[in-house]
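Read off the chains here:
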Amino acid sequence: MTTQSPERVRPAPIKAVPVRRTGQWISAALVVAVLAALGWSIATNENLQWSVVGQYLFDSSILKGAVTTVELTVLSMLLGILLGIVLAVMRLSANPVLRTVSAGYLWFFRGTPVLVQIVLWFNLALVFPRLGFGSLSVDTNSVISAFGAALLALTLNEGAYMAEIVRGGILSVDQGQTEAAHALGLTGARTMRRIVLPQAMRVIVPPTGNEVVTMLKTTSLLAVIGAEELFTNAQKIGARDFTVFPLLLVACFWYLVLTSVLTLVQSKLERRFARGTSHGAPAGPGALQRMFAGRMLRSPEGGAA
Amino acid sequence: MTGTTMVKAENVHKSFGQVDVLKGIDLEVANGEVFCLLGPSGSGKSTFLRCINHLERIDAGRLSVDGKLIGYKEIAGKLHEMHEREVAAQRRDIGMVFQRFNLFPHMTALENVMEAPVQVRGESKAAARERGLALLDRVGLGDRAGNYPAQLSGGQQQRVAIARALAMQPKLMLFDEPTSALDPELVGEVLDVMKDLAREGMTMIVVTHEIGFAREVADTVVFMDGGVVVESGKPAEVIGNPQHARTKAFLSKVL
């Protein structure tokens, strides 16, 4: 028989003595020993007051604070993203006035610490006791509560950072896409909304996920204005009962829970937006793409959407 | 080939910084004509094509399509720049096909074809879908309507791009090296679609390196080099019996 048989015969795999990894075992033993010693000293330390940690872990004030933290994170991120898109489009526009306004905004809000900005908005009443014009004005303090000041400060600050992320995403889209849209007679605004932004999402989503996690932790700065989020409430209880350290551990616990959940969501989202880019079978337009595309066409027969 | 003038270029100049790309182009394309631009890379032929739908603005001269200046209005003998909306309105009637297809990757083939009729002309989705499917059928891709560009071969993508341009029912089609990015075995299917289009009387300006296509389909062939028109005429004259040394040198390399 000269013709090859269609089934290939697999050769027996190599059997060899593996390299000894003595260093690996020694280092693992060392790490375990150090961690065990540390864990023992923490677990048995009277000053940590573990019973207090357990007592306040699900305290209603702590849980309420955690909810406020999540609310502030979600709201300021959503508003910050919208503001960021507007600023990015302004930055890339042909209109020099819009470009300058956007650049000036970024210069101020990225150039001053967010902690200072938070205190600044909270104290707005010191400079402008009343907001509005003439008789149509309201008491500033009645509008800018701690929550309001917090939301304002975080949104305005986040807008500046999101603007740079969105701008990077827009610039990552091939120039040929814009040319093709223009050649079809689409105006600049429509080209941005229908063609460029949906494609920019793939580049925008991963750093935006990081921004959400950062934002969640940044809300702890709001303790300086007593915004009644997680850290404020934990500190309040700690100061009242002289249980500062255990309450810090309670705060850490909830921050870790929340950031872990966000990280999981982020990796899911990233996988979703990466689909189709490397394997040639794009997923249908995602929820975020739909958000920007507005009136999305219904998926045709056999469409993957 | 009789009839009115579709494109008229008079002394068109264009430079990018210090580089003069077009140094006085005078050309006239008649209604229904198939017009092929040949020439070495850097000769300015693609730039000239892009000037016709104002993707590039010309620095000097006059350029008009169907009797209307492109990108400018003439009011009382004075030129006024057009507003973005007016430029967009002019482009509706001029289809363009790009070397790199430039299909919208986040839309299916059918959605690509429907996009401009729905968004620009305000056509109903049902009508646009029906016409879109018919157009995809016409370029031989009726069964790929639901596929995304990444799931199509280069030749198929370019045929979708042609259908997308035709969906706006243009009076003029511009082709910018439509087969240069294709594997050799896929060139034929795109050229076939273009030949059909020429046969149906579409006015076409084609920048190409496909000498065979130019010889077979073109009514007029123009050879450009260094930003000027070196030679123009019937394919039999320019390709079959070139008069200028530069044309001869170019053709000897590509034939």
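No experiment lies behind these values; they were computed from the predicted model shown.

## Concerning the overall build of chain A
(1) Moving on: Per the secondary structure count, chain A includes 13 helices and 2 strands.
(2) Moving on: Partitioning the intrachain contacts of chain A with sequence separation of at least 6 by distance along the chain shows that 70% fall at a separation of at least 24.
(3) Moving on: About 18,200 Å² of surface is accessible on chain A, with carbon and sulfur atoms providing 66% of the total.

## Some words on empty space enclosed by the protein
(1) Moving on: This model, assessed by the stated rule, comprises 1 cavity of 30 Å³ or more.
(2) Moving on: Estimated volume of the largest cavity: approximately 40 Å³.
(3) Moving on: Along the walls of the largest cavity sit A:Ala180, A:Ala183, A:Leu184, B:Met96, B:Phe98, B:Arg164 and B:Ala165, which together make up its complete lining.
(4) Moving on: Counting residues per element, the ones that place at least two in the lining of the largest cavity are α9 (175-183) of chain A together with α5 (154-166) of chain B.

## Focus: the layout of surface pockets
(1) Moving on: The space that makes up the largest pocket amounts to roughly 1,200 Å³.
(2) Moving on: Residue lining of the largest pocket: 35 residues in total, with A:Ala94, A:Thr178, A:His182, A:Gly188 and B:Glu84 positioned closest to the centre.
(3) Moving on: Looking at the lining of the largest pocket, the elements with two or more residues in it are α8 (146-172), α9 and α10 (188-218) of chain A together with α2 (84-91) of chain B.

## Section: the sheet that holds strand β9 (residues 172-176) of chain B
All names here are of chain B.
(1) Moving on: Spatially, the 6 strands line up as an open sheet ordered β8-β9-β10-β3-β11-β12, and their pairing is mixed. Whereas interior strands pair on both sides, the edge strands pair on one side only; in this sheet they are β8 (94-97) and β12 (228-233). Here the average twist between neighbouring strands, direction ignored, is 15°.
(2) Moving on: Sheet topology note: the strand β3 (residues 34-38)/strand β10 (residues 204-207) ladder contains 4 bridges and is parallel. The partner of Leu37 across the bridge, within β10, is Val207.
(3) Moving on: Here helix α1 (residues 45-52) sits on the sheet in contact with β3, β8, β9, β10 and β11 (220-225), set at roughly 150° to β9.

## Digging into the packing of helix α3 (residues 60-91) of chain A against helix α11 (residues 230-241) of chain A
When two helices pack together, their arrangement is given by the angle between the helix axes and by the axis-to-axis distance.
All names here are of chain A.
(1) Moving on: With their axes 7 Å apart at the nearest point, α3 and α11 run at an angle of 155° to one another. Looking at the two axes, α3 sits roughly antiparallel to α11. When α3 is examined against α11, the residues Ser61, Ile62, Gly65, Ala66 and Thr69 are found in contact with a partner set consisting of Leu230, Asn233, Ala234 and Ile237.
(2) Moving on: Residue composition of the contact of α3 with α11, grouped by class: 5 nonpolar, 4 polar and no charged.

## Observations regarding the pattern of salt bridges
All names here are of chain B.
(1) Moving on: Across all of its chains, the model carries 22 salt bridges over all chains by this definition.
(2) Moving on: Between Glu81 and Arg57 there is a salt bridge, and its shortest N-O distance comes to 3.3 Å. In this pair, Glu81 sits in strand β7 (residues 78-81) while Arg57 sits in the loop between α1 and β4 (60-65), placing the two residues 24 residues apart along the sequence.
(3) Moving on: Residue classification places Arg57 among the partly exposed positions, given a relative accessible area of 41%.
(4) Moving on: Of the charged contacts in the structure, one is a salt bridge between Lys73 and Glu86, with a shortest N-O distance of 2.9 Å.

## Observations concerning a nonpolar patch on the surface
Residues and elements named next belong to chain A.
(1) Moving on: Taken together, the side chains of Val31, Leu35, Leu38, Ile42 and Trp50 make up a nonpolar region of the molecular surface, amounting to roughly 470 Å² of accessible area.
(2) Moving on: For the nonpolar patch, the element with the most residues is helix α1 (residues 22-43), which contributes 4 residues.
(3) Moving on: Its location among the elements puts Leu35 in helix α1.
(4) Moving on: By relative accessible area, which is 52% here, Leu35 ends up exposed.

## Describing helix α9 (residues 245-254) of chain B
Residues and elements named next belong to chain B.
(1) Moving on: Every buried residue of α9 is listed here: Thr247, Phe250 and Leu251. Down the axis, α9 shows its buried residues gathered within 95° of arc, on one side only. For α9, the exposed residues lying more than 90 degrees away from the buried face are Ala245, Ser252 and Lys253.
(2) Moving on: Residues of α9 that are buried make contact with β3, α7 (211-217), β11, β12 and α8 (235-238).

## Concerning the nonpolar core
All names here are of chain B.
(1) Moving on: Counting 51 residues, the largest nonpolar core has Leu136, Ile162, Met173, Phe175, Met194 and Met204 as the members making the most contacts within it.
(2) Moving on: At 8 residues, helix α6 (residues 184-199) tops the list of elements feeding residues into this core.
(3) Moving on: In this structure Phe175 touches Leu49, Val97, Ile162, Met194, Leu197, Met204, Ile205, Val206 and Val207, once residues within four positions along its chain are discounted.
(4) Moving on: Membership of the second largest hydrophobic core comes to 39 residues, among which are Ala9, Val29, Met107 and Leu174.

## Describing the sheet that holds β4(B)
Residues and elements named next belong to chain B.
(1) Moving on: Here we have 4 strands laid out as an open sheet, ordered β2-β1-β4-β5, and antiparallel in their pairing. Each edge of the open sheet is held by one strand with a lone partner, namely β2 (19-30) and β5 (68-69).
(2) Moving on: Pairing between strand β1 (residues 5-16) and β2: 9 bridges, direction antiparallel. By the bridge assignment, Thr5 is partnered in β2 with Ala30.
(3) Moving on: Sitting on the sheet, α1 touches β1, β2 and β4, and the angle it makes with β2 is about 60°.

Parameters at a glance
Sequence order as written defines residue numbering, which begins from 1 separately in each chain. To label them, take the chains in the order written and letter them from A, then take the ligands in the order written and number them from 1. Per-residue local features of the predicted model are confined to residues with pLDDT of at least 70, and side-chain atom pairs are confined, for both listing and counting, to 80 or more; whole-chain, interface and lining totals are unaffected and use all residues. Note that the side-chain values use all heavy atoms of the structure and ignore hydrogens as well as water. Secondary structure elements are defined from DSSP: runs of H or I of at least 4 residues count as helices, runs of E of at least 2 residues count as strands, and each element is numbered from the N terminus. Whether two residues are in contact is decided by their heavy atoms: any pair within 4.5 Å suffices. Shrake-Rupley sampling with a 1.4 Å probe provides the accessible areas, and residues are treated as covered by the protein chains on show and by no other component. Cavities and pockets were defined on a 1 Å grid built over protein atoms only: a cavity is a set of grid points that admits a 1.4 Å probe from which the probe cannot escape, a pocket is an open set flanked by protein on both sides within 12 Å along at least five of seven lines, and lining residues are those with an atom within 4 Å of any such point. Grid points are joined across faces, edges and corners, and a volume is the space filled by probe spheres set on the points. Only strands joined by at least two bridges in the DSSP assignment are considered to pair. To obtain an axis, a line is fitted to C-alpha atoms, over the contacting stretch when the element is a helix, and the angle between two such axes runs from 0 to 180 degrees between their N-to-C directions. We call two directions roughly parallel when the angle between them is under 35 degrees, roughly antiparallel when it is over 145, roughly perpendicular when it lies between 65 and 115, and oblique otherwise. For this scheme, ten residues count as nonpolar: Ala, Val, Leu, Ile, Met, Phe, Trp, Tyr, Cys and Pro. Four count as charged, namely Asp, Glu, Lys and Arg, and the remainder, Gly too, count as polar. Counted as salt bridges are all cases of a side-chain nitrogen of Lys or Arg within 4 Å of a carboxyl oxygen of Asp or Glu. For every residue, the accessible area (1.4 Å probe, protein chains only) is compared with the maximum for its type, and the residue is labelled buried under 20%, exposed over 50%, or partly exposed between those bounds. Each patch is assembled from residues with relative accessible area greater than 30% and no salt bridge, linking like charges that lie within 9 Å and nonpolar side chains (Val, Leu, Ile, Met, Phe, Trp, Tyr) that lie within 5 Å. In this description, the arc belongs to the directions extending from the helix axis to the C-beta atoms. Put simply, buried Ala, Val, Leu, Ile, Met, Phe, Trp, Tyr and Cys residues joined by side-chain atoms within 4.5 Å make one nonpolar core.

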